[in-house]
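Architecture and fold: a report
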Amino acid sequence: FVAVSDDATAAYWNPAGLAFQKGREITLMHANWLPQLVSDMSFEFLAYKQYFESLGGTLAANVTFLNLGEQVQTGEQGPEPLGTFNSWDLAVTLCYATKVSENLGVGVGVRYIHSNLSPVGAGAEQGTGVGRSFALDLGVLYKAPFLKGLSLGANLSNMGPKITYVDAAQADPLPTNLKLGFAWRILNMEYNRLTIAVDTNKLLVRSRKKDDGTWTHDPFYQAIFTSWTDGSLGDQFGRMIHSAGVEYVYSNMIFLRAGYYYDQEGKVKYPSFGAGLKYSAIRFD
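All of the points below concern the structure found in this document. Only a predicted model underlies this, so the values are computations on that prediction, with no experimental measurement involved.

Considering the overall build of the protein chain
When helices and strands are counted, the protein chain shows three helices and 15 strands. In terms of principal-axis extent, the alpha carbons of the protein chain reach across some 70 × 40 × 40 Å. Taking all 285 residues of the protein chain together, 34% fall into the buried category. Taking the contacts inside the protein chain whose residues are at least 6 apart along the sequence as the reference set, 47% of them involve residues at least 24 apart.

Here is the structure:
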């Protein structure tokens, strides 16, 4: 979706997509998280965007909330329960996008991250399982004039300092990610539209094993470059996550979608299907 980004979810996929949008829109999403394993985990998403002529662009905001459910606290000496607590992750993002030219849009997003894994530390560790960080997103979207319906997109997301739960020595890098893709609207008629889209994701994190057996991670501003040197080009391509999809729209009212997700390293490969129905100004997916 990095090269489509034509609705309020652009604040997540590629903020540059907001540059080509006018008006106002709000979107909400709910998903049960891993329902085959537990019943108290869920994923929530809320986004809003609005065009401001006085600013020459579009502002947007989104909130992502991952409810990780209830956990049982145990002691160091045995599995006897000492109590329970809830774990959750929260990210709040503000975006701005504008057109640089008729065919080129750029966008930027600033994100606050709050990870509440545990209110208490584990064993003798100091601190708690609560971490905070900030991140920056940069996006670009280009609508090619040389081939009608073709757009190219890129989004460099989650650039920021490591997140610390216990101490600085155990800080974890944010999942800085480069998303590249293209979309092509093959059919664009009054009652029929057909679009194909392809995305590729590259995780820009570089980990190194130290002499004492522990691991260290390059700062994000180094890992953007050093993560490309960790193995051959074939290894790099094998670690990328690829996805492709197609959407057919009839009369801007009925939406039919299909796609495929391919993660070779994570051994996650599956087809996906979806549909949407739009009535007046409201769309259900």
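Looking at empty space enclosed by the protein
Empty space among the atoms can be located by rolling a probe the size of a water molecule over them. In total, this model carries one cavity of 30 Å³ or more according to the counting rule given. Size it by volume and the largest cavity reaches roughly 60 Å³. Its residues assigned to classes, the lining of the largest cavity shows eight nonpolar, two polar and two charged.

A word on the layout of surface pockets
If you add up the space inside the second largest pocket, you get close to 280 Å³. The wall of the second largest pocket is formed by 14 residues, among which Lys202, Leu203, Val205, Arg239 and Glu265 lie closest to the centre. Among the elements that take part in the lining of the second largest pocket, strand β9 (residues 192-203) stands out by supplying three residues, more than any other. Per-class residue counts for the lining of the second largest pocket are three nonpolar, five polar and six charged.

Comments concerning the packing of aromatic side chains
The final tally for this structure, using the stated rule, is eight aromatic pairs. Aromatic side chains Tyr12 and Trp13 sit 4.9 Å apart centroid to centroid with 90° between the ring planes, which places their arrangement in the edge-to-face category. Residue classification places Tyr12 among the partly exposed residues on the basis of a relative accessible area of 48%. Where Tyr12 meets Phe45, the ring centres are 6.2 Å apart and the plane angle is 80°; that geometry is what we call edge-to-face. Here the residue Tyr12 occupies a position in helix α1 (residues 10-13), and Phe45 occupies one in strand β2 (residues 42-52), the gap between them amounting to 33 residues.

Side note on the environment of Trp33
Inspection of the secondary structure puts Trp33 in the loop between β1 (24-32) and β2. The sequence separation of Trp33 and Gly69 amounts to 36 residues, and the corresponding C-alpha distance is 9.9 Å. Beyond its immediate chain neighbours, meaning those up to four positions away, Trp33 contacts Val38, Met41, Ser42, Phe43 and Leu66.

Here we look at the pattern of salt bridges
Counted according to the given criterion, the structure contains seven salt bridges. For Arg283, the salt bridge is made with Asp7, and the minimal N-O distance between the two is 3.7 Å. Residue Arg283 is found in strand β15 (residues 282-284), and its partner Asp7 is found in the segment before α1; the two are separated by 276 residues along the sequence. Judged by relative accessible area, which is 38%, Arg283 ranks as partly exposed. Judged by its relative accessible area of 10%, Asp7 falls in the buried class. The partner of Arg257 in a salt bridge is Asp285, and the shortest N-O contact between them spans 2.9 Å. With Arg257 in strand β13 (residues 254-263) and Asp285 in the segment after β15, this pair connects stretches of sequence that are 28 residues apart. Assessed through its relative accessible area of 61%, Asp285 is described here as exposed. One network of salt bridges, in which partners are shared, links Asp7, Glu247, Arg257, Arg283 and Asp285.

Regarding the environment of Arg208
Examined against the element boundaries, Arg208 turns out to sit in strand β10 (residues 207-209). Arg208 gets classed as partly exposed once you look at its relative accessible area, which sits at 34%. Linking Arg208 and Asp218, residues 10 residues apart in sequence, is a C-alpha distance of 7.8 Å. Setting aside residues up to four positions removed in sequence, Arg208 forms contacts with Thr214, Trp215, Thr216, Asp218 and Thr226. A polar contact of 2.9 Å, which involves the side chain of Arg208, links it to the side chain of Asp218.

The rules behind each value
- Residues numbered from 1 in each chain as written.
- Predicted model: local features only at pLDDT ≥ 70, side-chain atom pairs only at ≥ 80, totals over all residues.
- Heavy atoms only, no water.
- Helix = DSSP H or I, 4+ residues; strand = E, 2+ residues; numbered from the N terminus.
- Buried < 20%, exposed > 50% of the residue type's maximum accessible area, 1.4 Å probe, protein only.
- Contact = heavy atoms within 4.5 Å.
- 1 Å grid on protein atoms, 1.4 Å probe; cavity = no way out; pocket = protein on both sides within 12 Å on 5 of 7 lines; lining within 4 Å.
- Points joined across faces, edges and corners; volume = space filled by probe spheres on them.
- Nonpolar A, V, L, I, M, F, W, Y, C, P; charged D, E, K, R; others polar.
- Phe/Tyr/Trp six-rings, centres within 6.5 Å; stacked < 30°, edge-to-face > 60°.
- Salt bridge = Lys/Arg side-chain N within 4 Å of Asp/Glu carboxyl O.
- Polar contact = N/O pair within 3.5 Å; in protein donor to acceptor, adjacent residues only side chain to side chain.

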